[in-house]
Each structure stands twice: as C-alpha cells, then as structure tokens.
Amino acid sequence: MKTACTLILFWPLFMLLLSDESQTSKTELKCNFTRKNYSLIPADINEHVTILDLSYNQITLNITDTSILQMYSLLTELYLIENNVIILYNNSFDNLSNLKILNICRNSIHIIRKGAFTGLNKLKQLYLCQNKILQLNPDIFMPLKNLKLLNLQGNLISYFDVPQLSHLESIILYGNPWNCSCSLLNLQNWLNASNVILENENITMCSYPDNMKCYSIKTVPYKEECYSKFPSPITDDLHINFLSISNSTFNSSLNNLTRNSDHGPLGKSWAFLVGVVLTVMMTSLLIFIAIKCPTWYNFLLSYNHHRLEEHEAETYEDGFIENPSSLSQITDTNSEDTTEIFEQLHSFVVDDDGFIEDKYIDTNELCEEN
C-alpha cells in the first residue's frame, strides 16, 4: 500500500522529467562529418543542426566557410579540431548567437582579428589550444560576456595581458614559453586577486629568464622595481576609465561644434565682437607707439626753430647790418619801448631742450653806428 502511494505521488514528477528528456532529444540534432577530407564546410547540412563536428578535415574557415556557417544559427556546439585554419577573420561566427562551445584546437592559427568572436554572446567554452598564436589582444574577448572557460594551452604566447572577462571561472595556460619578466606581473596579480582558477598550475612554468624556470607564473617572486614599473590592475582600470571619460567629453564637445557649424551663417554678434577686438588692438598699438616713439609729438609741440650753426648766425648778422634802413621806419616810436619790444621778440635764449633762438644786433648799437 505504501509503495503504491509512493508511486502515485512521484509519478507526475517522473513523467515531467521524461517529457523534458524527450523534448531535448527532439531539439538536439547532431551531425558528425569528421575525417571526410572536406576543404569547405558543406552547405547541405540540416539547418536545424545544434551540434556540428567537422574535425580532422582540410577546412580553412575562409570567407566561403563563414558565409555557410551563417545558415546554422541554431548551433550550440561547433568542433573544428585539426583543420587548416590559419586566420580567424572578423565576424567569422557572427550569426551563431546560440553557440556555447567552440573548439578550434590543433590548427595553425597565428592571427586572430579583433572582431573574430563578435556575436558569440552566449559562448561559455572557447578552446584555442595547440595553435601558433604568438600574442593576443585582450580586446578580442570583449564580446564573450558569458565565457567561463578559456583554453590557450600549447601555443607560442610569452606575454598575455589581463582579459576583460567578468564571468571567467577557469583558464588553461600551460605549454607556452612564458617570459616571467616584469611585464607578466599584471597577469600574476590578476590570477591571485580574482576567483579564476589556473588549471594545471604546477606545470604552467616560466621559460625565461633562466633563473625563473623553476617557478610557476603564479608564484614568481618579482623584484620591487617591477612593482614601480607596472601598476596594479586597479590603477590601470582607473586610468582606462579616466581616458574613456576624457575621450567622451572631447567627442561631445567636437559634436557640439560640428552641429553649431551646420546651423548656417553666424549672427551679428560675431561681427560686433570682431569690431571690438580690432578697435582695442589698434588703440593699444597707438598707445605703444606714443610711449616708445615720443620724438614725433615733441616735434609737433615745439615752437622753437632748429639749432643754428655758427656760420649761419654770422651770415644773418652781417645781412642785418648791411640793411639798417629797416629801423628808420620806427622813428616815431619811443626808443626805450622799441628796445624793450625788440629784446622781448629777439632775445637770445638758451632753453633746456638744447634749441637756441637767432642772435640779433642790439638796437642801442645800431643807433650809435647810425
């Protein structure tokens, strides 16, 4: 009786699990084309395929292959192990938004374009092991927002910058010729500070320099000078954020200037401003000339004549003696008044400015001679 009651209670749950498994088996479609000596991805595969294995062929993943891959948008797993892939081009897997596992191990990949993994938002496992990768730009992993496992085992990588992968749980790096100089300090700090597990840590060893070959890349004892040369990842993140803010501010200012330049001709306020600026500049120039070059207004304000040379004064005196008749016209005038007026008009004066008046003959002497 108890057994029957137990079966009755758990029967709906059992049927639910069974229906889920049957539904999964119906939606999951596997296609295996290994060792077919294919040079191109076949285009006649069922478009509802979810797991596609094309390992051990001659596929290069060229433009033709990537265009064919776009048809299989339901793929969740893709295996291209041991083919002839050399370059991963931009948008190679663009339409495979449901892909969760991508395995391209044991090829001859040495170049990965920055946008090679664009569109793989749901990818969780990426295998790039046993290729010929020399270096990796960490920006190529930016589209992989849900990546949990990254396998880079058996390449030619000696330096690896910290990837921006927030959901990464495990990374495999052994089998590379790691150069454990100061440049690898940031990677070590990231491995020790984050929750990412370094698989096979004990065999992920340094290759250079020779005195570091016995250390794992996670336990290398760096010198103090390395810490001064390479700041921590936190400092780098702050610097990157600052640069991004500065660039965004500059771009917004540039966009505002561009929009303002597209609004047609400028208003009258600009013409007024230009006039004011020109007026101020001209006034300043005149004031500067007046201060630095005072001789011109000294010449205008001076009522004195130029300095007479000695021979000019004697010549003028002789000419005045030879024409004494000019004084006969003032006989009716008082001699004393005449003398006083004459002295006031033709007195010899030496000014402070260095100019002298003409020296004339005294009227008393003229009268005595006459």
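Residues numbered from 1 in each chain as written. Predicted model: local features only at pLDDT ≥ 70, side-chain atom pairs only at ≥ 80, totals over all residues. Heavy atoms only, no water.

1. Brief notes about the overall build of the protein
For the protein, the count of helices and strands is 10 helices and 12 strands. Taken across its 370 residues, the protein has 28% of its residues classed as buried. When contacts within the protein are restricted to residue pairs at least 6 apart in sequence, long-range pairs at least 24 apart make up 52% of them. For the protein, the exposed area adds up to about 24,500 Å²; of that, 58% sits on carbon and sulfur atoms. (Helix = DSSP H or I, 4+ residues; strand = E, 2+ residues; numbered from the N terminus. Buried < 20%, exposed > 50% of the residue type's maximum accessible area, 1.4 Å probe, protein only. Contact = heavy atoms within 4.5 Å. Areas by Shrake-Rupley, 256 points an atom, 1.4 Å probe, with all protein chains shown as cover.)

2. Describing the confidence of the model for the protein
For the protein, per-residue confidence averages 76 on the pLDDT scale, and 61% of positions sit at 70 or higher. For residues 232–246, every residue scores under 50 in pLDDT, and the model assigns this stretch 5 contacts once sequence neighbours within four places are set aside. (pLDDT = per-residue confidence, 0-100.)

3. What to know about the sheet that holds strand β7 (residues 125–127)
Taken in spatial order, the 8 strands line up as β1-β2-β3-β5-β7-β8-β9-β11 in an open sheet, and their pairing is parallel. Only two strands of the sheet have a single partner each, and these edge strands are β1 (30–32) and β11 (197–199). Strand-to-strand twist in this sheet, taken as the mean axis angle between neighbours without regard to direction, amounts to 5°. Here 3 bridges tie strand β2 (residues 51–53) to strand β3 (residues 77–79), and the two strands are oriented parallel to one another. Paired with Leu 52 across the bridge in β3 is Leu 78. (Pairing = 2+ DSSP bridges. Axes fitted to C-alpha atoms, helices over the stretch in contact; angles between N-to-C directions.)

4. Considering the pattern of salt bridges
Throughout the structure, instances matching the rule amount to 2 salt bridges. The salt bridge partner of Glu 82 is Arg 106, with a shortest N-O separation of 3.8 Å. Pair noted here: Glu 82 is in the loop between β3 and β4 (87–88) and Arg 106 is in the loop between β5 (101–103) and β6 (111–112), with a separation of 24 residues, a long-range link. According to the relative accessible area criterion, Arg 106 is partly exposed, its value standing at 37%. (Salt bridge = Lys/Arg side-chain N within 4 Å of Asp/Glu carboxyl O.)

5. So, unusual backbone geometry
The omega angle of the peptide bond from Tyr 208 to Pro 209 is -15°, so this bond is cis rather than trans. Mapped onto the elements, Pro 209 comes out in the loop between β12 (206–208) and α4 (224–229). Phi is positive for Gln 130, close to 55°, though the residue is something other than glycine. The topology assignment puts Gln 130 in the loop between β7 and β8 (149–151).

6. Thoughts on the nonpolar core
Leu 88, Phe 93 and Phe 117 are the most contacted members of the largest nonpolar core, which totals 61 residues. Elements supplying a minimum of two residues to this core: α2 (63–69) and α3 (185–193). With 4 residues, the single largest contributor to this core is α3. Leave out the neighbours within four places in its chain, and Phe 117 touches Leu 88, Phe 93, Leu 102, Ile 112, Leu 126, Leu 128, Ile 140, Pro 143 and Leu 144. (Core = buried A, V, L, I, M, F, W, Y, C linked by side-chain atoms within 4.5 Å.)

7. Details of the state of the cysteines
Simply put, the disulfide is a covalent bond whose two ends are the sulfur atoms of two cysteines. Applying the stated criterion to the full structure yields 3 disulfides. Residue pairing for Cys 105: its cysteine sulfur links by disulfide to Cys 129, the two sulfurs lying 1.8 Å apart. Its S-S torsion of about 105° marks the bond between Cys 105 and Cys 129 as right-handed, since a negative value means left-handed. Here Cys 129 lies in the loop between β7 and β8 and Cys 105 lies in the loop between β5 and β6, a separation of 24 residues in the sequence. (Disulfide = S-S within 2.5 Å.)

8. A word on the side chain of Asn 155
Structurally, Asn 155 is set in the loop between β8 and β9 (170–172). For Asn 155, the side chain forms a polar contact with the main-chain oxygen of Leu 152, separated by 3.0 Å. There is a polar contact of 3.5 Å between the side chain of Asn 155 and the backbone oxygen of Gln 153. (Polar contact = N/O pair within 3.5 Å; in protein donor to acceptor, adjacent residues only side chain to side chain.)

9. Observations regarding a nonpolar patch on the surface
Together, Trp 270, Leu 273, Val 274, Val 277, Leu 278 and Met 281 make up an exposed nonpolar region whose accessible area comes to about 590 Å². Among the secondary structure elements, Val 274 is positioned in helix α6 (residues 268–292). (Patch = residues over 30% accessible without salt bridge, like charges linked within 9 Å, V, L, I, M, F, W, Y side chains within 5 Å.)

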